[in-house]
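# Structural features, examined
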Amino acid sequence: MAVDNKLAVDIIKSVGRYWSDNEHSDCRITVDGKVFQASSFVLSACSEFFRQVFHTASITHKNIVIKGISADVFSCVIKALFTGVTGLDESNMVDVFLAAGYLKIDFLVQKCEQFIEEHLTKENYLQLCKGLFCVSSVTLTNKMVRLMALDFDEFRLTETFLNLPSVMVIKIVESGEVKSQDTLVESVLKWASHGPKDVIGTFGFQLYHDFQDLMDFCVPFDFNRYHLYQFVANDVTRSQILVQLIKKMNLGELSEAGLKMIYEDKLAIEHHDVKDAVMHEMATRMLYKSDNKSGRSLSKCTTSGQSK
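Reading the values: rules and limits
Residues numbered from 1 in each chain as written. Predicted model: local features only at pLDDT ≥ 70, side-chain atom pairs only at ≥ 80, totals over all residues. Heavy atoms only, no water. Axes fitted to C-alpha atoms, helices over the stretch in contact; angles between N-to-C directions. Helix = DSSP H or I, 4+ residues; strand = E, 2+ residues; numbered from the N terminus. Parallel < 35°, antiparallel > 145°, perpendicular 65-115°, else oblique. Contact = heavy atoms within 4.5 Å. Nonpolar A, V, L, I, M, F, W, Y, C, P; charged D, E, K, R; others polar. pLDDT = per-residue confidence, 0-100. Phe/Tyr/Trp six-rings, centres within 6.5 Å; stacked < 30°, edge-to-face > 60°. Buried < 20%, exposed > 50% of the residue type's maximum accessible area, 1.4 Å probe, protein only. Pairing = 2+ DSSP bridges.

What follows deals with the packing of helix 11 (residues 166-175) against helix 12 (residues 181-192). Across the interface, helix 11 lies against helix 12 with an axial gap of 12 Å and an inter-helix angle of 170°. Here helix 11 is positioned roughly antiparallel relative to helix 12, judged by the angle of their axes. Of the residues in helix 12, those touching helix 11 at Ser166, Val169 and Val173 are Leu184, Val188 and Trp191. Classifying every residue of the contact of helix 11 with helix 12 by side-chain character gives 5 nonpolar, 1 polar and no charged.

Our next topic: the confidence of the model for the chain. Overall, the predicted model of the chain reaches an average pLDDT of 77, with 71% of residues at or above 70. Here residues 196-236 scores under 50 on pLDDT; set against residues more than four positions off or in separate chains, the count is 105 contacts.

Attention now moves to the packing of aromatic side chains. On inspection of all chains with the given rule, the structure shows 7 aromatic pairs. Judged by centre distance (5.1 Å) and plane angle (70°), the rings of Phe36 and Phe74 are edge-to-face. Remark: Phe74 occurs in helix 4 (residues 71-83) and Phe36 occurs in strand 2 (residues 34-38); sequence separation between them is 38 residues. Plain terms: the ring middles of Phe152 and Phe161 are 5.6 Å apart, the flat faces sit at 90° to each other, and that makes the pair edge-to-face.

Residues of strand 1 (residues 27-31) alternate between two faces, with Cys27, Ile29 and Val31 buried on one and Arg28 and Thr30 left unburied on the opposite face. Where strand 1 lies against strand 2, 5 bridges are found, and the strand directions are antiparallel. For Ile29, the partnering residue across the bridge sits in strand 2 and is Phe36. Counting the residues between successive antiparallel strands, the hairpin from strand 1 to strand 2 contains 2 residues, one of them, Asp32, with a positive phi of roughly 55°. As defined by bridge partners, strand 1 adjoins strand 3 (residues 63-67) across 4 bridges and the pair is classed as parallel.

Written out as structure tokens, the structure is:
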């Protein structure tokens, strides 16, 4: 059945008027010290998170506290639910995206994803990528990878690159966008030997009930603390990933200096697959040079015989 767009807009406007006047508000949500009043029906209809909260048997007063989200970000979220206006801009788009995902507001997640894709550029991706590592979006991941690869000469010098999740490094290598294979090899070797930490792709969200002071539900989540790192043995993780990365590279496009970098890297060459591949490429080149040299010598002899 087709939706009457004008009718839908009129309904949203009507709901927005009720919300702005606090009419039919039956719940209080405290965020960053600011109290928001809203309709539990509308919140439940738009958010799977709130639907589960309000269906919890222990919820009586519908007083909810959400920690860690700024009042400005939550204001954008709740305004979108009741008026259809997102208020997105480049300064808040990632935080609203994270909040919408956490609160399970699917249509707002899609809107944020579209907005971020349109506004993610070479100039701002470095500032935004840390937050975007925490969301599951193939569209945004692919765009970030392309920007990183195109800007690789600068990006590889940053701390962000050294702490990049292994899956992102693999995608950069696979993209084929990095112009210099020697630069790529040098950077990947440096990444592999950098520190004993690798990046987790997702947060570990924790919810708990707090019944003190009529606080029915408390969400202890802090967007300002990105728990992105887990400490693991470097020789168990990045060393193994390094083998995959080198296998994905075209060793034939490396200069002799590039091959030498791999051969002299202790972390890389300890793997027999890498060592064999590098030695095979070196041997192939030596054979090619030898064949060319023999061909030139034969050509000289033929020329000399013809002149006699």
